[in-house]
Amino acid sequence: MIERVHEHIIGELKANAHTDTIFAITAIFLNLIILGVNSAISGSNGGTSQTIVMFTLVALIIVVNFVAELGLIRGRQMRKKLLGGLLKMYKDQEVEGYYDSSLLNDYTTRYNLFMLAVLFTGVTAIVIPFILR
Amino acid sequence: MRINWKFLSLLLMVVGLIIVALPGQILAQDNKVELTLRLLPGYYYSEVTPGESKTLYLEIENSGDKAITNIELFSDKPKGWTVDFEPEHIDYLAADSHQSIDVHVVAGTDTVKDDYTLTLIAEADQTRAVTSTVLRVENAFSPWRWIGLGVGVLVIVLFVVLYRRFGRE
């Protein structure tokens, strides 16, 4: 049974990593695309309709980044719980010496860096077109 | 005496053509009134800074066959702008002659960054001429810059709140 639980946790960890990668890449990709589009709009002598398009895309950046950041925060918490269970299991099986618990902190740092990258590409995509306008 | 009818008819045709065409040509030359306004190259898309004077060089040319009198120079300008011509009035411009005019443009201090069309008009007793140029206002106060920075700061604050609210282990 313990082997099934172990497999289940490993499967969950894989799915978690996959989902978080999608969150981060999608948000960064979208931020860069909108940065290009809004910069082009601000470079042209836009009228009211172009300003509306610009603000709509800014709203899209905010929503997508909010979802991505929330997803990454939850992903980080989920990974920590799963790894906590895995460590407990290794401890019970007396093989915990093979898994360094400091890895948990490394994962936290990595997630924070992902969130920072998403946040700052988002802020850049919002601010740069307005400065160029 | 033998009359050469062929030569006579040809001569009559030539004389007739001269009689018909010459006065028309003289009349057309008499009526040719042409006034041209031309900005010197490089002044068709120039940059201006609000509150600072920018001089454009304009040339007015009488390319017709008749002198043009009482040329008045004025402009159709954006609101809040000042446009002065030097000279503002030309009493007499002889045929096939031209004159240089300095145009001093000052964009209003509250002008926002954008492209503006300035139309320059010369109106004389006989005719009028119009030319226009696009002036780009740079270094102007732009509210968009502050709006962008404001939204950026708001997003960072939102993230900090989100992190503190949901990021607890």
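All figures in this text were calculated on a predicted structure; none of them were measured in a lab. (Residues numbered from 1 in each chain as written. Chains lettered and ligands numbered in written order. Predicted model: local features only at pLDDT ≥ 70, side-chain atom pairs only at ≥ 80, totals over all residues.)

Peer 1: Go over the sheet that holds strand S1 (residues 35–39) of chain B, please, and point to the residues and values.
Peer 2: Residue and element names in this part refer to chain B. Taken in spatial order, the four strands make up an open sheet running S1-S3-S7-S5, and their pairing is antiparallel. Pairing within the sheet leaves two strands with one partner each, and these edge strands are S1 and strand S5 (82–86). Looking at each pair of strands side by side, their axes are set apart by 25° on average, direction ignored. Pairing of strand S3 (residues 53–62) with strand S7 (residues 97–106) involves ten bridges; the strand directions are antiparallel. For Thr 55, the partnering residue across the bridge sits in S7 and is His 104. (Pairing = 2+ DSSP bridges. Helix = DSSP H or I, 4+ residues; strand = E, 2+ residues; numbered from the N terminus. Axes fitted to C-alpha atoms, helices over the stretch in contact; angles between N-to-C directions.)

Peer 1: Would you mind going over the interface of chain A and chain B in detail, with residue names and values included?
Peer 2: Across the contact, 17 residues belong to chain A and 18 residues belong to chain B. Residue contributions to the side of chain A that touches chain B peak at eight residues, all from helix H3 (residues 103–132) of chain A. Among the residues forming the side of chain A that touches chain B, the class breakdown is eleven nonpolar, three polar and three charged. (Contact = placed C-beta atoms within 7 Å. Nonpolar A, V, L, I, M, F, W, Y, C, P; charged D, E, K, R; others polar.)

Peer 1: Lay out the environment of Glu 123 of chain B in plain terms, naming residues and giving numbers.
Peer 2: All names here are of chain B. Looking at the element boundaries, Glu 123 is found in strand S8 (residues 115–123). Take Glu 123: there are 15 C-beta atoms within 10 Å of it, and that puts it in the partly exposed class. Between the alpha carbons of Glu 123 and Phe 74 there is a distance of 8.2 Å; along the sequence they are 49 residues apart. If we ignore the near neighbours within four places in the chain, the residues touching Glu 123 are Glu 72 and Arg 128. (Buried ≥ 20, exposed ≤ 12 C-beta atoms within 10 Å, placed from the backbone.)

Peer 1: How would you summarise the confidence of the model for chain A if you had to cite specific residues and measurements?
Peer 2: Regions with low pLDDT carry predicted coordinates that are not meant to be interpreted in detail. Looking at chain A as a whole, the pLDDT averages 90, with 98% of positions reaching at least 70. Mean pLDDT across the secondary structure elements of chain A bottoms out at H3 of chain A, with 90, and peaks at helix H1 (residues 2–43) of chain A, with 92. (pLDDT = per-residue confidence, 0-100.)

Peer 1: Got a sec to walk through the environment of Ala 59 of chain A? Specific residues and values, please.
Peer 2: Structurally, Ala 59 of chain A can be placed in helix H2 (residues 48–92). Each C-alpha atom of the pair Ala 59 of chain A and Ile 126 of chain A lies 9.4 Å from the other, and the pair is 67 residues apart in sequence.

Peer 1: How would you summarise the packing of H1 of chain A against H2 of chain A if you had to cite specific residues and measurements?
Peer 2: Residues and elements named next belong to chain A. Where H1 contacts H2, the two axes come as close as 9 Å, and the packing angle between them is 160°. Here H2 runs roughly antiparallel to H1, going by the angle between their axes. As for the relative orientation of H1 and H2, their crossing is left-handed in sense. Here the contact of H1 with H2 is built from residues that sort into 22 nonpolar, twelve polar and three charged. (Parallel < 35°, antiparallel > 145°, perpendicular 65-115°, else oblique. Left-handed = near helix turned anticlockwise from the far one by under 90°.)

Peer 1: Could you give an account of the sheet that holds strand S2 (residues 45–48) of chain B, naming the residues involved and the relevant values?
Peer 2: Residues and elements named next belong to chain B. Spatially, S2-S9-S8-S4-S6 is the arrangement adopted by the five strands of the open sheet, whose pairing is mixed. Each of the sheet's edge strands pairs with one partner strand only, and the pair in question is S2 and strand S6 (89–93). Going across the sheet, the axis of each strand differs from the next one's by a mean of 30°, ignoring polarity. Here five bridges tie strand S4 (residues 68–76) to S8, and the two strands are oriented antiparallel to one another. The partner of Glu 72 across the bridge, within S8, is Glu 123.

Peer 1: Outline the nonpolar core, supporting the account with residue identities and numerical values.
Peer 2: Counting residues in hydrophobic clusters, the biggest one holds 24 residues, and the most contacted among them are Ala 24, Leu 72, Val 118 and Ile 126 of chain A. For this core, the elements supplying multiple residues, two or more each, are H1, H2 and H3 of chain A together with helix H2 (143–166) of chain B. Here this core takes ten residues from H3 of chain A, the largest share from any one element. (Core = buried A, V, L, I, M, F, W, Y, C linked by C-beta atoms within 7 Å.)

Peer 1: Any chance you could break down H2 of chain A for me, citing the residues and the numbers?
Peer 2: If you check H2 of chain A, its first and last C-alpha atoms are 66 Å apart, about what 45 residues at 1.5 Å a residue would give, namely 66 Å. Listing the buried residues of H2 of chain A in full gives Met 54, Leu 57, Val 58, Ile 61, Asn 65, Ala 68, Glu 69, Leu 72, Gly 75, Arg 76 and Arg 79 of chain A. Residues of H2 of chain A that are buried make contact with H1 and H3 of chain A together with H2 of chain B. (Expected span 1.5 Å × (residues − 1).)

Peer 1: Report on the packing of H2 of chain A against H2 of chain B, specifying residues and quantitative values.
Peer 2: Taken N-terminus to C-terminus, the directions of H2 of chain A and H2 of chain B make an angle of 20°; their axes are 11 Å apart at the nearest point. The angle between the axes of H2 of chain A and H2 of chain B places the two elements in the roughly parallel class. In this structure, H2 of chain A meets H2 of chain B at a crossing whose hand is right-handed. Of the residues in H2 of chain B, those in contact with Val 58, Ile 62, Glu 69, Leu 70 and Ile 73 of chain A of H2 of chain A are Val 151, Val 155, Phe 159, Leu 162, Tyr 163 and Phe 166 of chain B. Its residues assigned to classes, the contact of H2 of chain A with H2 of chain B comprises ten nonpolar, no polar and one charged.

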